[in-house]
Amino acid sequence: MSERMTMNYVTGTTKFHMEGPCAVSLGKFDGFHRGHQKLLGRVLARKEQGLSAVLFTFATNPTRMLSGLSGQNITTNEERRLLLERAGVDHLLECPFVPEISLMEPERFVREVLAGQLHAAFVAVGEDFRFGHQRKGDVRMLERMGQSCGFQVETVEKEKSHSRDISSTYVREALHEGNIPLANDLLGYRYFVSGEVVHGRQIGRTLGLPTINLLPSQEKLLPPNGVYLTRTMVDGEAYYGITNIGYKPTVGAEARKGVETYLFDYSGDLYGQYLNVEFLEYERPEQKFRSLEELKARILSDVHWGKSKIYVKS
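Residues numbered from 1 in each chain as written. Predicted model: local features only at pLDDT ≥ 70, side-chain atom pairs only at ≥ 80, totals over all residues. Heavy atoms only, no water.

### Examining the overall build of the chain
Working step 1: A tally of regular secondary structure across the chain gives nine helices and 14 strands.
Working step 2: Seen through its principal axes, the chain has C-alpha atoms that stretch 70 × 40 × 35 Å.
Working step 3: The buried share among the 314 residues of the chain stands at 50%.
Working step 4: Considering only contacts within the chain whose residues lie at least 6 apart along the sequence, 74% involve residues at least 24 apart.
Working step 5: When the accessible surface of the chain is summed, it comes to about 15200 Å², and 48% of that surface belongs to carbon and sulfur atoms.
Working step 6: Charged side chains in the chain number 39 positive and 39 negative. The centres of these two groups are separated by 3 Å. (Helix = DSSP H or I, 4+ residues; strand = E, 2+ residues; numbered from the N terminus. Buried < 20%, exposed > 50% of the residue type's maximum accessible area, 1.4 Å probe, protein only. Contact = heavy atoms within 4.5 Å. Areas by Shrake-Rupley, 256 points an atom, 1.4 Å probe, with all protein chains shown as cover. Lys, Arg positive; Asp, Glu negative; His and termini not counted. Charge placed at Lys NZ, Arg CZ, Asp CG, Glu CD.)

In structure tokens:
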């Protein structure tokens, strides 16, 4: 995430205020999958008419993530921020889910937030959009109030894949199964894990196979522990590699799940850099080996598998 941010990013407050008319979309946008991209496309198209592209969402709460996988997100707040800026969003409003917002009746939300604070001229939402206290607001209410508050509402049909609506739940299911190609198809980009490169135990270096280690946020939903073919961008250049997700049981299990990557044909020092590791395909589950020699032999086999996959793809 070292790219310079140009999008206006507002978080941690409900006291936001937009100048001039805006095109707005609302939702969690977890994963920013193809369905989200279709929805946001309607908003971005209105920039040609002089409207600012605004996305209203809620900040995820990392402390809630400790309750289990159901609370984890496909993208962290920071990853979502990067994806939305790249897409062309002008203003990202990451509203805290505090009582003054969560208990707000839908009619009041439309009048005070959409019309009052955001100056919405156009609002795009999905077919199943719900809002306000106890989710009592729906698309019909939004359309009706839009007429009196002076904004147009467009309801966008779901994007589909394999005869099923694309949703964050669908993406999560694919990731839980380790079905990376399906997850990537639903997302419309490669699922990735981001983080700062940290020092590990340097076991890989002693084996002649130096690796980079990331400790992803605890709010991040990860695919099953195991070995994957991945791609990592370093200084604008793509390097393929194999990545292990898990606890490294052969060398003494780690307390926290990590992401360890061996990059093919790279020998530089990446400590302290913030990288995105993109996932392409699952190979095998993580396992404990009887010795470092056995571990090295299996890693070399994994490398051979990964490189053969690259050659086939090219």
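### Let's talk about the sheet that holds strand 11 (residues 226–234)
Working step 1: The strand order around the closed barrel built from six strands is 9-10-13-12-11-14, with neighbouring strands paired in antiparallel fashion. In this sheet, neighbouring strand axes are inclined to one another by 40° on average, regardless of whether the strands run parallel or antiparallel.
Working step 2: Its contacts with the sheet put helix 7 (residues 180–187) on strand 11 and strand 14 (274–285), and the angle it makes with strand 14 is roughly 140°. (Pairing = 2+ DSSP bridges. Axes fitted to C-alpha atoms, helices over the stretch in contact; angles between N-to-C directions.)

### Re the packing of aromatic side chains
Working step 1: Using the criterion set out here, one finds 12 aromatic pairs in the structure.
Working step 2: Taken together, a centroid distance of 5.5 Å and an interplanar angle of 85° make the contact between Phe-56 and Phe-58 edge-to-face.
Working step 3: A relative accessible area of 2% places Phe-56 in the buried class.
Working step 4: The class for Phe-58 is partly exposed, based on a relative accessible area of 25%.
Working step 5: Here the aromatic cluster, defined as three or more aromatic residues joined through ring pairs, consists of Phe-16, Phe-56, Phe-58, Phe-97, Phe-109, Phe-129 and Phe-131.
Working step 6: The aromatic ring of Phe-192 is capped on one face by Lys-220, whose charged end is 5.3 Å from the ring centroid.
Working step 7: For the cation-ring pair, Lys-307 lies above Phe-264, with the distance from its terminal atom to the ring centre recorded as 5.4 Å. (Phe/Tyr/Trp six-rings, centres within 6.5 Å; stacked < 30°, edge-to-face > 60°. Lys NZ or Arg CZ within 6 Å of the ring centre and 35° of its normal.)

### Quick word on the environment of Lys-257
Working step 1: In this structure, Lys-257 sits in the loop between strand 12 (237–246) and strand 13 (258–263).
Working step 2: Accessibility expressed as a relative area gives 26% for Lys-257, which makes it partly exposed.
Working step 3: Taking the C-alpha atoms as reference, Lys-257 lies 44 Å from Ala-115; in sequence the two are 142 residues apart.
Working step 4: Here Lys-257 is in contact with Leu-215, Pro-216, Leu-222, Asn-225, Ile-245, Gly-246 and Tyr-247, once residues within four sequence places are set aside.
Working step 5: Among the polar contacts listed, one links the side chain of Lys-257 to the side chain of Asn-225, at a separation of 3.1 Å. (Polar contact = N/O pair within 3.5 Å; in protein donor to acceptor, adjacent residues only side chain to side chain.)

### Remarks on the sheet that holds strand 2 (residues 22–26)
Working step 1: Taking strand neighbours across the sheet as the criterion, the six strands line up as 1-4-3-2-5-6 in an open arrangement whose pairing is parallel. Either end of the sheet is taken by a strand with one partner, and the two such strands are strand 1 (8–11) and strand 6 (152–156). Neighbour-to-neighbour, the strand axes of this sheet turn through a mean angle of 20°, independent of strand direction.
Working step 2: Alignment of strand 2 against strand 5 (residues 120–126), held across four bridges, turns out to be parallel. By the bridge assignment for strand 5, Ala-23 is matched with Phe-122.
Working step 3: Contacts from helix 1 (residues 34–45) reach strand 2, strand 3 (52–58), strand 5 and strand 6 within the one sheet, and its direction differs from that of strand 5 by about 165°.

### Let's talk about the pattern of salt bridges
Working step 1: Tallied over the entire structure, the rule returns 21 salt bridges.
Working step 2: The partner of Lys-309 in a salt bridge is Glu-281, with the nearest N and O atoms 3.0 Å apart. Taken as a pair, Lys-309 in helix 9 (residues 292–313) and Glu-281 in strand 14 lie far apart in primary sequence, 28 residues in all.
Working step 3: A relative accessible area of 18% means that Glu-281 is categorised as buried.
Working step 4: Among the charged side chains, a salt-bridge network with shared partners connects Arg-34, Lys-38, Glu-159 and Asp-185. (Salt bridge = Lys/Arg side-chain N within 4 Å of Asp/Glu carboxyl O.)

### A word on the nonpolar core
Nonpolar side chains tend to gather and get buried jointly when the protein is soluble and globular.
Working step 1: With 47 residues, the main nonpolar core has Leu-175, Tyr-191 and Phe-279 as its most contacted residues.
Working step 2: It is helix 7 that contributes the most residues to this core, five residues altogether.
Working step 3: Here Tyr-191 is in contact with Ile-74, Leu-175, Asn-184, Lys-220, Leu-221, Leu-222, Pro-223, Val-277, Glu-278 and Phe-279, once residues within four sequence places are set aside. (Core = buried A, V, L, I, M, F, W, Y, C linked by side-chain atoms within 4.5 Å.)

### Brief notes about helix 7
Note: α-helices contain 3.6 residues per turn, so residues at a spacing of three or four share the same orientation.
Working step 1: Counted residue by residue, helix 7 has six buried out of eight residues, so it is predominantly covered.
Working step 2: For helix 7, every residue scored as buried is listed here: Ile-180, Leu-182, Ala-183, Asn-184, Leu-186 and Leu-187.
Working step 3: Buried residues along helix 7 sit against helix 1, strand 7 (160–161), helix 6 (168–176), strand 11 and strand 14.
Working step 4: Measuring from the backbone nitrogen of Leu-182 back to the side-chain oxygen at the start of helix 7 gives 3.2 Å, which picks out Asn-179 as the cap.
Working step 5: Once helix 7 finishes, Gly-188 follows within two positions and takes phi at roughly 85°, a positive value.

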